[in-house]
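Chain by chain, the residues:
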Amino acid sequence: MIYPANFEQKVGFDRLREQVAALCTIRGGRERLCAEQFSTSQADVERRLALADEMRRLLEMERDFPDDEFVDVDYILSKLKIEGSFLEVEEVVLLRRALASAGAIAGFILGRGEELYPELRLRSRGIEAFPEIVRAIDGIVDQYGKIRDDASPELQQIRRMIREREGQAAKRLQQVLSNAKKAGIVEADAMLSIRDGRAVIPVAAANKRKLQGFIHDESATGKTFYVEPVEVVEINNELKELEYAERREIVRILSAFTDSIRPEADRIALIGDYLSDLDMIRAKARWAVANGAVKPIVSTDDRLVLRNARHPLLQQTLRAQGKQVVPLDLQLDKRRHILVISGPNAGGKSVCLKTTGIIQYMFQCGFLVPASENSELPLFRNLMIDIGDEQSIDDDLSTYSSHLLNMKNMLAGASNRTLVLIDEFGSGTEPIIGGAIAESILERLRSKGCYGVITTHYANIKYYASNTEGIANGAMMFDVQNIRPLFRLEIGKPGSSFAVEIARKIGLPEDIIRDAGEKAGSDHINLEKQLREIARDKHYWEQKRDRIRIADRKVEELEQTYADQLSRIRQERSEILKKAKEEAQRMIADANRQIENTIRTIREAQAEKELTQLARKELNDFRDRVERTDAADAAHDERVAREMEKLERRRQRRAERRQQAGETPEVAQPAVPEKPREAEVGSKVKIAGQDIPGVVLSIKGRKAQVAFGQILTTVDRSSLVVISGAEFKQATRPVQPRTVVSVDVSARKLNFKDHIDVRGLRAAEALEEVRDFIDDAIMVGVGTVTILHGKGTGALKEEIRRYLRTVPEVERAADEHADRGGAGITVVTLRMD
């Protein structure tokens, strides 16, 4: 039940429906929109919402959707059902447009994946394009909407004869006109004219008898007469007969066509219904796109949760003024199902009430709502509102009497499936008794379990709400320093009316305000003062808490970024050093072979022993340089590890402070133990059970050649234990570490490309590529990059955009300019601070 009968006018839904109706293109769509009424069926509401939401997504994502204006075929179908009637040429053209449009739209929707637009697909199934009717129309009507010459052999013959007679008449008239000019009967610059569909010659009044023929007209001044020469009268008569014959043949063609499609009238009517439905759904979607409306969650646990909700009419008004609407956040559930809102006049209490009412009504009428997608709305059987002045002279009702009558009707229909919206609860009569009656009514509404949003100024109602289970207080925030409302709802405490502050701002004399305070009594003044102080203090501490949270979050983000960069640098450095070490080991092996060959040559030549020692010394010096580099690498690894430990200690201290402050600490993910590494070329190793470290020079199968100082030995690979650089350093003689240059970011920046192409990849593969691409862009400090994903169905673009919204460094992600790729390319702007 909707109460009262003018509920739509009270919340503004009537004006909203008019806006949507203006977006319909055919009468059938507007009629169906008017039929979209309040529904209590969950299946019906979900179906209508899904249709509107799918059309909204289709309009936003599908650039090639056949979004032409629809054609109303209702009157064409009415004419088809009358025996003996026939469709005019214009009606045949409209019928063809309707059939082609319906076929193109249904084909487009059915050609998309089943998971994209399931409800639209279901509505489009069974829609026929009637290709045989379209071909028949194309056979009798040309591209300009005229009957074709070859629509029938008879029409072709008639039109050929008409052209011949027109040529004869034009030739004969030119001859007569030329002779008349030579005879001085007409002016030298006279030209042929048309009167009553016949070609005539303009003749001066004095010469009208000199040119034989029929006078068809005269000029306004009477100085010129228009004469049809007798020489062409017969030809024109034949032309007129041919025109009649042409019309009869066209009527015959159209009648035959109409008779041929008359048996299909019922099937064609389905096309009309389909276009009317889509016109209405498209109008809803267009309005939703323009007003930021989305499909909310259908609540299954009786929760009413509004997040970022806006009254659409207020939003439009403020947007036209260049202002932003303050969104509404509100929650009602079984535990707290009635909200009592208090606060200053003109502070937004009635707007909260109307916003709740219109969004709930839109939802159950199948309209997308101006709120966040994670808003939750239940289904109510009854919506009731009491707002505004309902006094009636005819019914002898005062304002307060009308309020009481509304309360009586609300109590009669209230249940746990009812939403009541009451503005200025209890006002209109003597405050004490009015407040008492209002409190009793509120108790009955609470006991019936109905949901409600109620605004009031009465202190006893605020007090009752604070001490009664199932009811919560809410306050409209007020800037005490600047004496202005903030239009933001805060749930959990009552609000002050700020009557004294508003009176001072308006300029009411101070002595009146002082007298009023004395008359109200100290108790009331102290209560209002305490409420104001609570509001001021709460506002101050909220601002301070927000600033602390923002600063804390920035520190955490910086620490996380630092940790990620350290980890990434360490990983990249390890890879670079690993390759360098492998290359060094290959060089050592080559040098060793070369020196052994040299020694063998020297021995064969019986050279001096000093040359042999010199060759071995050069090899040992090279090996020492490699080992010193390894020691420097170990020192760098230790510095990185110390930085990581500092970050971890900071996180632990912050978690402890949060735990002491009563906040829930973040649960750290358990570290995954590293798997034991196998010995590779260049690895630092020990033999199991021994302490002497060595370096693996080469590996052949299960055997490894290891250098333990100056001793080369071959051991089984399984007996080797890989150690870290730090352990190797401790076990060997100390060396002076040298400065190690970290990863060259500038080189990476030179090699970085500011665009990526992920077309043809699966969604998971594309996201992995995009994730690495964005990480590299942030690391090298590039401000703007582009991602080429193509248009397609839009699913890949949507997945990429969803990921980008989770990256804090991404400031903006938008379509490329239409001339440079449009929706097929996403331009990503990164924060450089």
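Residues numbered from 1 in each chain as written. Predicted model: local features only at pLDDT ≥ 70, side-chain atom pairs only at ≥ 80, totals over all residues. Heavy atoms only, no water.

- The name an unreviewed UniProt entry gives the protein chain is Endonuclease MutS2, with Alistipes putredinis DSM 17216 as the organism.
- Note on the protein chain: under the UniProt heading Subunit (unreviewed entry), the record states "Homodimer. Binds to stalled ribosomes, contacting rRNA."
- Its UniProt record gives the protein chain a comment under Sequence similarities (unreviewed entry), which states: "Belongs to the DNA mismatch repair MutS family. MutS2 subfamily." (UniProt positions renumbered as here; feature names shortened; annotations may be inferred.)

Regarding the overall build of the protein chain
Moving on, step 1. For the protein chain, the count of helices and strands is 24 helices and 24 strands.
Moving on, step 2. Of all 833 residues assigned to the protein chain, the portion counted as buried reaches 42%.
Moving on, step 3. In the protein chain, the proportion of contacts linking residues at least 24 apart, taken out of those at least 6 apart, comes to 69%.
Moving on, step 4. Here the protein chain displays about 45900 Å² of accessible surface, and carbon together with sulfur accounts for 50% of that area. (Helix = DSSP H or I, 4+ residues; strand = E, 2+ residues; numbered from the N terminus. Buried < 20%, exposed > 50% of the residue type's maximum accessible area, 1.4 Å probe, protein only. Contact = heavy atoms within 4.5 Å. Areas by Shrake-Rupley, 256 points an atom, 1.4 Å probe, with all protein chains shown as cover.)

Details of the sheet that holds strand β2 (residues 193-195)
Moving on, step 1. Read from one edge to the other, the open sheet built from 4 strands follows the order β2-β3-β5-β4, with strand pairing classed as antiparallel. Both edges of this open sheet fall to β2 and β4 (213-218), since each of them pairs with a single strand only. Here the average twist between neighbouring strands, direction ignored, is 50 degrees.
Moving on, step 2. Both β2 and strand β3 (residues 198-204) contribute to a ladder of 3 bridges, which runs antiparallel. Paired with I194 across the strands is A199, a residue of β3. (Pairing = 2+ DSSP bridges. Axes fitted to C-alpha atoms, helices over the stretch in contact; angles between N-to-C directions.)

Comments concerning a positive patch on the surface
Moving on, step 1. On the surface, R545, R549, R553 and K554 cluster together into a patch of positive charge.
Moving on, step 2. Here R545 is to be found in helix α19 (residues 522-604).
Moving on, step 3. For R545, a relative accessible area of 39% corresponds to the partly exposed category. (Patch = residues over 30% accessible without salt bridge, like charges linked within 9 Å, V, L, I, M, F, W, Y side chains within 5 Å. Salt bridge = Lys/Arg side-chain N within 4 Å of Asp/Glu carboxyl O. Lys, Arg positive; Asp, Glu negative; His and termini not counted. Charge placed at Lys NZ, Arg CZ, Asp CG, Glu CD.)

Details of the pattern of salt bridges
Moving on, step 1. By the definition in use, this model includes 42 salt bridges.
Moving on, step 2. In this structure, R32 and D277 form a salt bridge, with 2.7 Å as the shortest nitrogen-oxygen distance. You can see R32 sitting in helix α3 (residues 27-34) and its partner D277 sitting in helix α11 (residues 265-291), a full 245 residues away along the chain.
Moving on, step 3. Note on R32: relative accessible area 24%, which makes it partly exposed.

Focus on unusual backbone geometry
Moving on, step 1. A cis amide bond links Y3 with the next residue in sequence, P4, at an omega value of -5 degrees.
Moving on, step 2. Phi at F130 takes a positive value of approximately 50 degrees, unusual for a residue other than glycine.
Moving on, step 3. Note that F130 resides in the loop between α7 (118-124) and α8 (131-140).
Moving on, step 4. Taking the relative accessible area as the measure of exposure, F130 reaches 1% and is therefore buried.
Moving on, step 5. Backbone geometry places E424, a non-glycine residue, at a positive phi of 55 degrees.
Moving on, step 6. Along the chain, E424 falls in the loop between β12 (418-422) and α15 (431-447).

Focus: the packing of helix α9 (residues 153-182) against helix α10 (residues 230-261)
A packed helix pair is summarised by two numbers, namely the angle formed by the two axes and the spacing between the axes.
Moving on, step 1. Between α9 and α10, whose axes approach to 9 Å, the crossing angle comes to 160 degrees. By the criterion of interaxial angle, the relationship of α9 to α10 is roughly antiparallel. Where α9 crosses over α10, the two elements pack in a sense that is left-handed.
Moving on, step 2. Grouping the amino acids of the contact of α9 with α10 by side-chain chemistry returns 14 nonpolar, 2 polar and 11 charged. (Parallel < 35°, antiparallel > 145°, perpendicular 65-115°, else oblique. Left-handed = near helix turned anticlockwise from the far one by under 90°. Nonpolar A, V, L, I, M, F, W, Y, C, P; charged D, E, K, R; others polar.)

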